[in-house]
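Reading the structure
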Amino acid sequence: GAPFTRAPVQVGGDIDGCGFTWRWEPALDRGRVVEKYIIKLEEYTKCDDNNSSGASIELELARAQLTWVRDGMSKEPYLAIQATVNSSDWPELTSGNKYRAAIRAVNAIGDSAWSEWSCASGQPGFGFCLSSPHLPSPPRRESLRFTSPGEIRLVWDAVQSANDTGGDDPMELQVTYDIWGRPEVPH
């Protein structure tokens, strides 16, 4: 029969080119060489919604590569197929939108069924086309609350919209702040 494919997982992204790198295990080819892979990308809001009204495209992956993967959970590395799709492949990729992917393998016997959507596995299989986040407001010392000796309390304006974060939804708790400070040494 036709090959059997597994769902892809997003393993990288590109903010500047609005792109994604997807990885999946090679198709079970059932005795025939897989001649090509086709990826279906689709804009979506809910993973289990099979009637997405967003933009979608099917692309033959001419630049898919076989790569060795060591994910830290298995003792042995394994082979995987990896491909990158960006806005030069599909100009409709839009900053701030969420995308999912499915894979189909083709061999001499025929086309496989589409794999599950990348987001169905519970793995990070969805892609956000992100733009660079806006500069956050600078932290400032809060003087309205009492602090203990040697403590200061810093506050800043919280990120309120996905536009401020470059596309991430701040209500999904995926926005983090890295604060760096250096104590001043008394002279």
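Worth saying up front: this structure is predicted, and the values here are computed from it rather than measured.

1. Digging into the overall build of the protein chain
- The number of helices and strands found in the protein chain is one helix and eleven strands.
- Each helix and strand of the protein chain, placed in order from N terminus to C terminus, yields the pattern β-β-β-β-β-β-β-β-β-β-β-α.
- Every one of the 187 residues in the protein chain was classed for burial, and the buried ones make up 30%.
- By sequence separation, contacts in the protein chain at least 24 residues apart represent 59% of the contacts at least 6 residues apart.
- Within the structure as shown, the protein chain displays about 12,400 Å² of accessible surface, and the carbon and sulfur contribution to it stands at 50%.

2. Section: the packing of aromatic side chains
- Summed over the entire model, instances satisfying the criterion amount to four aromatic pairs.
- Judged by centre distance (5.7 Å) and plane angle (50°), the ring pair of Phe20 and Trp22 falls under tilted.
- For Phe20, a relative accessible area of 0% puts it in the buried group.
- Take Trp22: its relative accessible area is 0%, and that puts it in the buried class.
- Seen from their ring centres, Phe20 and Tyr99 are 5.8 Å apart, and the 55° between their planes marks the pair as tilted. Of the two residues, Phe20 sits in strand S2 (residues 19-24) while Tyr99 sits in strand S7 (residues 98-107), which places them 79 residues apart along the sequence. Both residues of the pair, Phe20 and Tyr99, belong to the buried class.
- An aromatic cluster of at least three residues, connected via ring pairs, comprises Phe20, Trp22, Trp90 and Tyr99.
- In this arrangement the basic side chain of Arg100 is found over the ring face of Trp117, its NZ or CZ atom lying 4.1 Å from the centre.

3. As for the environment of Ile152
- Along the chain, the position of Ile152 falls in the loop between strand S10 (140-141) and strand S11 (154-155).
- Note: C-alpha distance between Ile152 and Glu142 (ten residues apart in sequence) is 7.7 Å.
- Non-local contacts of Ile152, meaning those with residues more than four positions away in its chain, are made with Arg141 and Thr147.

4. Focus: the pattern of salt bridges
- One pass over the full model with this rule turns up three salt bridges.
- Here Asp89 and Arg63 are joined by a salt bridge, their closest N and O atoms 3.1 Å apart. Highlighted residues: Asp89 in the loop between strand S6 (78-85) and S7 and Arg63 in the loop between strand S4 (56-60) and strand S5 (65-69), separated in sequence by 26 residues.
- Accessibility expressed as a relative area gives 55% for Arg63, which makes it exposed.

5. Details of the nonpolar core
- Counting 20 residues, the largest nonpolar core has Trp22, Trp24, Tyr37, Ile39, Leu41 and Leu61 as its most contacted members.
- Contributing elements (two or more residues each) for this core: S2, strand S3 (34-43), S6 and S7.
- With residues up to four places along the chain from it excluded, the contact list for Leu41 reads Trp22, Ala55, Ser56, Ile57, Val85, Trp90, Arg100 and Ala101.

6. Considering the pairing of S6
- Pairing analysis gives five bridges linking S2 to S6, with the strands arranged antiparallel. Paired with Trp22 across the strands is Ala83, a residue of S6.
- Where S5 meets S6, five bridges bridge the pair, whose relative direction is antiparallel. Note on S6: the bridge partner recorded for Trp68 is Leu79.

7. A closer look at a nonpolar patch on the surface
- Together, Leu66, Trp68 and Leu79 make up a nonpolar patch on the protein surface, roughly 350 Å² of accessible area in all.
- Within the element layout of this structure, Leu66 appears in strand S5.
- Using a relative accessible area of 54% as the deciding quantity, one classes Leu66 as exposed.

8. Section: the side chain of Lys40
- Inspection of the secondary structure assignment puts Lys40 in strand S3.
- Here Lys40 is buried and forms no salt bridge, its nearest opposite-charge partner Glu58 lying at an N-O distance of 5.0 Å.
- When residues no more than four places from it in sequence are discounted, the contact partners of Lys40 are Ile57, Glu58, Arg100, Ala101, Ala102, Trp114 and Trp117.

Cut-offs and rules
Residues numbered from 1 in each chain as written. Predicted model: local features only at pLDDT ≥ 70, side-chain atom pairs only at ≥ 80, totals over all residues. Heavy atoms only, no water. Helix = DSSP H or I, 4+ residues; strand = E, 2+ residues; numbered from the N terminus. Buried < 20%, exposed > 50% of the residue type's maximum accessible area, 1.4 Å probe, protein only. Contact = heavy atoms within 4.5 Å. Areas by Shrake-Rupley, 256 points an atom, 1.4 Å probe, with all protein chains shown as cover. Phe/Tyr/Trp six-rings, centres within 6.5 Å; stacked < 30°, edge-to-face > 60°. Lys NZ or Arg CZ within 6 Å of the ring centre and 35° of its normal. Salt bridge = Lys/Arg side-chain N within 4 Å of Asp/Glu carboxyl O. Core = buried A, V, L, I, M, F, W, Y, C linked by side-chain atoms within 4.5 Å. Pairing = 2+ DSSP bridges. Patch = residues over 30% accessible without salt bridge, like charges linked within 9 Å, V, L, I, M, F, W, Y side chains within 5 Å. Lys, Arg positive; Asp, Glu negative; His and termini not counted.

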